[in-house]
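Inside the fold
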Amino acid sequence: MEKLPAQMTVIGISHPGGPEVLVPETRPVPLPGVSEILIRVEVAGVNRPDVMQRTGSYPPPPGASDLPGLEVAGEVVAVGEGVSRYKPGDKVMSLVSGGGYAQFCIAHESIAMAIPPGLSMLEAGATPETLMTVWHNVFERGALKAGETLLIHGGSSGIGTMAIQLAKAFGATAIVTVGSKDKADACLALGADHAINYRTHDFVAEVKALTGGGGADVILDMVGGDYIEKNYDAAAIEGRIVQIAFLHGAKATVNFVKLLVKRLHHTGSALRPRSVADKAAMVGAIEAKVLPLMREGRIKPLIDSSFPLEKAADAHRRMEAGAHIGKIVLTV
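This write-up is about the structure you can find in this document. Everything numeric in this text was worked out from a predicted model, so none of it was measured.

**Quick notes on the pattern of salt bridges**
- Counted according to the given criterion, the structure contains 21 salt bridges.
- Glu238 is the salt-bridge partner of Arg263, the closest N and O atoms lying 2.8 Å from each other. Separated by 25 residues along the polypeptide, Arg263 in the loop between helix H8 (257-261) and strand E13 (265-268) and Glu238 in strand E12 (residues 235-243) bring together distant segments of the chain.
- The exposure class assigned to Arg263 is partly exposed, which follows from its relative accessible area of 44%.

This is the structure we're talking about:
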């Protein structure tokens, strides 16, 4: 096993605030514990929860690293006791509970995935959090089936662009909402069947028109706020609305009679607080059903931009500006 450095460069959060509070620090290289692997990070994904953690509104769960970063890709350089899935030298991508903005990061072996040949290292670093979020919420919680219609809010986001590809790969119709023509064009190029500009059109009326009045079978929503009641209007009978974030706020005034009349299911989830066993189960399903499509090159994350680790603040500025299409990543 190679000799590892004692110290590493990380990006810490000096105090809650704007992007400027993301500052380089020197910290000890962590040691993997039981069932853990140490990854030399080559690429780390940038996600909306990182921004929320930076501002102080999304603290890490107990026991997790205080550093931002929920997904990484790189090389295994050390393994802890009992590890059997990976060995030093293996190339992996993994969801982590924190600590991704660093030169080295700990991951649980059951949550790490071997990087399929169809993905570059840059793409691998943009995959785990997005892929697991979409798979669990759209297909496990939302139970999307072939022939059904999926409405994706934020269609040009990292999650949205992955949801388009997965929906189409499994035989569903994909409708997205976006805020510009450029974003609409990008989603259509990825395979979306329809793109609705929410700035110029009423997405509820558009969805009903596109579905012959039936509505969307599954709605993936990261907006919340006033979209909650609109989703109830846009949903089909027995529709499933899956909540993954609340960019417009977590409180709303809603006529819940629609929930009864249309027999709707409104659920939601967050990945970070879930148990290792829960996340491992998602990984198992993805390895069986999605990674084969990635090996064939049929599904891959859309990369918007990459920034060096020390420019993490600029990556956050890019995300908060809202102009990005696809994933933003850090290279280490």
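From this point, the narrative continues.
**Quick notes on the packing of aromatic side chains**
- Here the structure, examined in full by the defined rule, presents five aromatic pairs.
- Geometrically, the ring pair formed by Trp135 and Phe139 is stacked, given 5.0 Å between the ring centres and 20° between the ring planes. On the criterion of helical spacing, the pair formed by Trp135 and Phe139 is a turn pair, its members being four residues apart in helix H3 (residues 128-141). In terms of burial, Trp135 and Phe139 fall into one category: buried.
- In this structure an aromatic cluster arises from ring pairing among Trp135, Phe139 and Phe170.

**Topic: the sheet that holds strand E8 (residues 149-153)**
- Spatial strand order, E10-E9-E8-E11-E12-E13: six strands in an open sheet with parallel pairing. For this open sheet the edge positions go to strand E10 (194-197) and E13, each flanked by a neighbour on one side alone. Strand-to-strand twist of the sheet, defined as the mean angle between neighbouring strand axes without regard to direction, takes the value 20°.
- In this sheet, E10 lies alongside strand E9 (residues 173-178) in parallel orientation, the contact comprising four bridges. Each residue of the ladder has a partner; that of Thr177, found in E10, is Ile196.
- Together, E8, strand E11 (216-221), E12 and E13 form the strand contacts of H3, whose direction differs from that of E13 by roughly 155°.
- In this fold helix H4 (residues 158-169) packs onto E8, E9 and E11, with an angle of close to 170° to the strand it touches most, E8.

**Description of the packing of H3 against helix H9 (residues 276-289)**
- In contact at an axis separation of 10 Å, H3 and H9 are set at 85° when each is read in the N-to-C sense. Put simply, H3 runs roughly perpendicular to H9. Listed contacts from H9 to Leu131, Met132, Trp135, His136 and Glu140 of H3 are Lys279, Met282, Val283, Ala285, Ile286 and Lys289.
- Broken down by class, the residue content of the contact of H3 with H9 amounts to seven nonpolar, one polar and three charged.

**Digging into helix H7 (residues 227-234)**
- Those residues of H7 that sit buried are Tyr227, Ile228, Asn231, Tyr232 and Ala234. Projected down its long axis, H7 carries its buried residues within an arc of 165°, all on one side.
- On the buried face of H7, the contacting elements are E8, helix H6 (203-210), E11, E12, H8 and E13.

**Digging into helix H5 (residues 181-190)**
- Within H5 the residues assigned to the buried category are Lys183, Ala184, Ala186 and Cys187. Buried residues of H5, viewed axially, fall in a sector of 165°; they line one side. Among the exposed residues of H5, those pointing more than 90 degrees away from its buried face are Lys181, Asp182 and Ala189.
- Of the residues flanking the end of H5, it is Gly191, one or two places downstream, whose phi is positive at about 125°.

**Some words on unusual backbone geometry**
- The backbone phi angle of Ser35 is positive, close to 65°, even though this residue is not glycine.
- Residue position: Ser35 is located in the loop between strand E2 (22-28) and strand E3 (36-46).
- What makes Ser35 buried here is its relative accessible area of 18%.
- In this model, Arg263 sits at a positive phi of 50°, which is unusual for a non-glycine residue.

**Here's the deal with a nonpolar patch on the surface**
- Judged by side-chain polarity, Val257, Leu260 and Val261 come together as a nonpolar surface patch covering roughly 320 Å² of accessible area.
- Of note, Val257 is situated in helix H8.

**Side note on the side chain of Gln165**
- Its location among the elements puts Gln165 in helix H4.
- Once you skip the residues sitting within four places of it in the chain, Gln165 turns out to touch Leu190, Arg298, Ile299 and Lys300.

What counts and what doesn't
- Residues numbered from 1 in each chain as written.
- Predicted model: local features only at pLDDT ≥ 70, side-chain atom pairs only at ≥ 80, totals over all residues.
- Heavy atoms only, no water.
- Salt bridge = Lys/Arg side-chain N within 4 Å of Asp/Glu carboxyl O.
- Helix = DSSP H or I, 4+ residues; strand = E, 2+ residues; numbered from the N terminus.
- Buried < 20%, exposed > 50% of the residue type's maximum accessible area, 1.4 Å probe, protein only.
- Phe/Tyr/Trp six-rings, centres within 6.5 Å; stacked < 30°, edge-to-face > 60°.
- Pairing = 2+ DSSP bridges.
- Axes fitted to C-alpha atoms, helices over the stretch in contact; angles between N-to-C directions.
- Contact = heavy atoms within 4.5 Å.
- Parallel < 35°, antiparallel > 145°, perpendicular 65-115°, else oblique.
- Nonpolar A, V, L, I, M, F, W, Y, C, P; charged D, E, K, R; others polar.
- Arc of directions from axis to C-beta.
- Patch = residues over 30% accessible without salt bridge, like charges linked within 9 Å, V, L, I, M, F, W, Y side chains within 5 Å.
- Areas by Shrake-Rupley, 256 points an atom, 1.4 Å probe, with all protein chains shown as cover.

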